[in-house]
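Residue-level structural notes
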Amino acid sequence: MSTQPSHDQLVAQSVTQFRSAAKEGRCANYIPALAKKDPNQLAIAIIGTEGHEIKAGDTTELFTLQSVSKVITFILACMDRGLPYVLERVDVEPTGDTFNSIIRLESHQPGKPFNPMINAGAITVSSMMIGHSPQEKIDKILQFLEQIIGKQLSVNEEVFQSEWQTANRNRALAYYLMDSGFLDCPVEAALEVYLKQCAIEVNVSDLAMIGLVIANDGYHPLLKKQLFPKQVAKLAKALMVTCGMYNASGKFAAFIGLPAKSGVSGAILTAVPGHAGLDSPFPAGCGIGIYGPAIDPIGNSVAGVQLLKHLATEWDMTIF
Ligand SMILES: NC(=O)CC[C@H](N)C(=O)O
């Protein structure tokens with residue numbers, strides 16, 4: 001008689017199964033500090049509304065948020081400025097271009113960035129957060145994350161410095177945005193916030209917790225507290241579905257169907273709303289954090305995406 005593996009076993013077996021997919025990708029090398037990471041690492045944590053957690057793989061490994069941070073600053077900017085102000089300065093349209101593309105800032109007038117999940121839009125969003133200095137804005141991001149995760153996070157200085165010194169493309173984007181009136185603070189200040197938020201260090205459980213709160217429309221089910229407005233959470237999820245996996249977002253929506261945001265560190269943040277996880281071990285919804293530093297040319301974790309796809313299929317998790 002064959003016995004079904006338990007949910008914990010399935011997750012652990014899946015990590016073992018997909019770890020070797022890392023050989024199809026490589027660590028981001030345009031940020032020197034990320035190129036040094038071990039490409040074979042793979043970790044996942046899944047946290048449900050009651051606080052139950054399933055995790056497997058290299059779960060103690062720390063990594064930087066990179067583009068995953070764009071979801072956080074978008075939420076904070078909406079809370080700081082209100083939706084109309086934010087949406088006047090950044091659109092909610094996918095581009096189909098690479099995450100650091102500059103082309104549409106010139107080809108579409110008046111040069112408003114297409115969405116907050118690409119670098120141009122994220123730099124605009126970081127510039128509009130309220131704060132007297134870049135450090136004040138970073139402290140605000142860290143405090144917000146501390147509320148969600150329940151522990152203090154910090155910026156990995158080495159990763160920040162590594163990117164700060166090589167950020168020619170992001171500098172070009174910021175200058176372009178400044179020229180067309182889509183930057184609310186000086187270029188270097190906006191870049192400092194943006195690159196420091198990208199260098200905030202987390203583990204997969206931290207990511208899963210963030211995903212859980214987003215999945216629950218800004219309500220923290222363990223603290224029993226609304227941390228950000230429902231309307232903002234819904235918008236963040238829509239942006240994750242349409243733009244969160246860069247120019248692979250269409251395929252990700254078609255074949256996985258969950259709001260997710262990836263980063264070039266190999267991080268993937270996924271929010272599984274209750275209605276999307278009815279057949280999973282987390283029928284009231286969950287947050288999923290994944291780390292697999294070997295990324296594909298688009299910038300998504302190769303093993304991470306395969307692992308997520310496998311579990312989403314096994315548990316029939318999709319918003320569609
Ligand atoms: N896609 C990403 O994760 C990009 C983040 C990275 N810090 C950059 O600006 O290039």
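The present account deals with the structure reproduced in this document. These numbers come from a predicted model, not from an experiment.

With respect to burial, strand S9 (residues 285-291) is a largely interior element, seven of its seven residues being buried. Burial of S9 is two-sided: the residues Gly-285, Gly-287, Gly-289 and Tyr-291 facing one way and the residues Cys-286, Ile-288 and Ile-290 facing the other way are all buried. Two strands pair when backbone bridges link them, and strand S1 (residues 43-48) and S9 are joined in this way by six bridges, in the antiparallel orientation. Of the residues in S9, the one forming a bridge with Gly-48 is Cys-286. One ladder, built from seven bridges, connects strand S8 (residues 267-273) with S9; its direction is antiparallel. Bridging across to S9, Ile-268 finds its partner in Ile-290.

Core analysis: the biggest nonpolar cluster contains 52 residues, and Ile-141, Leu-145 and Ile-214 have the highest contact counts within it. Taken together, the elements giving at least two residues each to this core come down to S1, helix H3 (69-81), helix H4 (83-89), helix H6 (119-128), helix H7 (134-149), helix H11 (204-215), helix H12 (230-243) and S8. Broken down by element, the residue count for this core peaks at nine residues, all from H11. Taken domain by domain, this core gets at least three of its residues from each of domain 1 (7-66 + 200-314) and domain 2 (69-198). Setting aside chain neighbours within four positions, we find Ile-214 in contact with Val-71, Ile-75, Phe-228, Ala-233, Lys-237, Met-240, Leu-269 and Ala-271. Membership of the second largest hydrophobic core comes to 31 residues, among which are Phe-160, Leu-173, Phe-182 and Leu-191.

Moving on, we come to the packing of aromatic side chains. All told, the structure shown has five aromatic pairs when counted by the stated rule. Each member of the aromatic cluster is reached from another via a ring pair, and the members are Tyr-30, Phe-99 and Tyr-246. In this structure, Arg-104 is placed above the aromatic ring of Phe-114, and the distance from its NZ or CZ to the ring centre is 5.2 Å. Over the ring of Phe-160 we find Lys-196; its NZ or CZ atom is 5.1 Å from the centre of that ring.

With that settled, consider the site of the ligand. Around the ligand lies a shell formed by Tyr-30, Gln-66, Ser-67, Phe-99, Asn-119, Glu-163, Asn-170, Tyr-194, Cys-198, Tyr-246, Gly-263 and Val-264. In the environment of the ligand, an oxygen atom lies 2.5 Å from a nitrogen or oxygen atom belonging to the side chain of Tyr-30. Within the side chain of Tyr-246, an N or O atom sits 2.7 Å from a nitrogen atom of the ligand. Surface burial for the ligand is 99%, taken as the share of its 300 Å² of free accessible area covered by protein chains. Grouping the amino acids of the shell around the ligand by side-chain chemistry returns six nonpolar, five polar and one charged. Structurally, the shell around the ligand is a two-domain feature, drawing no fewer than three residues from each of domain 1 (7-66 + 200-314) and domain 2 (69-198).

Turning our attention to unusual backbone geometry. In this chain, Gln-109 is followed by Pro-110 through a cis amide linkage whose omega measures 15°. Here Pro-110 is to be found in the loop between helix H5 (103-107) and H6. Of note in this structure, Gln-66 is not a glycine but carries a positive phi near 45°. Mapping Gln-66 onto the fold places it in the loop between strand S3 (63-64) and H3. On the accessibility criterion, Gln-66 (2% relative accessible area) is buried.

Rules of the game
Along every chain, residues carry numbers that run from 1 in the direction the sequence is written. Selection of residues for local features in this predicted model requires a pLDDT of at least 70, selection of side-chain atom pairs for listing and counting requires 80 or more, and totals for whole chains, interfaces and linings are taken over all residues. Heavy atoms throughout the structure, all of them, feed into the side-chain values; hydrogens and water do not. Only protein chains enter the accessibility calculation, which uses a 1.4 Å probe. A residue is then buried if its area is under 20% of the maximum for its type, exposed if over 50%, and partly exposed in between. Only DSSP runs of H or I reaching four residues or more are called helices, and only runs of E reaching two or more are called strands; each is numbered from the N terminus. Two strands qualify as a pair provided DSSP detects at least 2 bridges between them. Definition used in this section: a nonpolar core is a set of buried Ala, Val, Leu, Ile, Met, Phe, Trp, Tyr and Cys residues joined via side-chain atoms within 4.5 Å. All domain edges in this entry derive from an automatic or database-based domain assignment. By definition, residues are in contact when any of their heavy atoms lie within 4.5 Å. Two rings from Phe, Tyr or Trp (for Trp, the six-membered ring) form a pair when their centres are within 6.5 Å of each other. A pair whose planes differ by under 30 degrees is stacked, one over 60 is edge-to-face, and the rest are tilted. By definition here, charges over rings are those cases where NZ of Lys or CZ of Arg is within 6 Å of the ring centre and within 35 degrees of the ring normal. Any residue with a non-hydrogen atom lying within 4 Å of a molecule or strand is treated as near it. Counted as a polar contact is a pair of N or O atoms within 3.5 Å, where, for protein atoms, one must be capable of donating a hydrogen and the other of accepting one, and residues adjacent in sequence contribute only when both atoms are in side chains. Note on areas: Shrake-Rupley, 1.4 Å probe, and residue coverage restricted to the protein chains presented here. As a working rule, the residues Ala, Val, Leu, Ile, Met, Phe, Trp, Tyr, Cys and Pro are called nonpolar, Asp, Glu, Lys and Arg charged, and the rest polar, with Gly in that last group.

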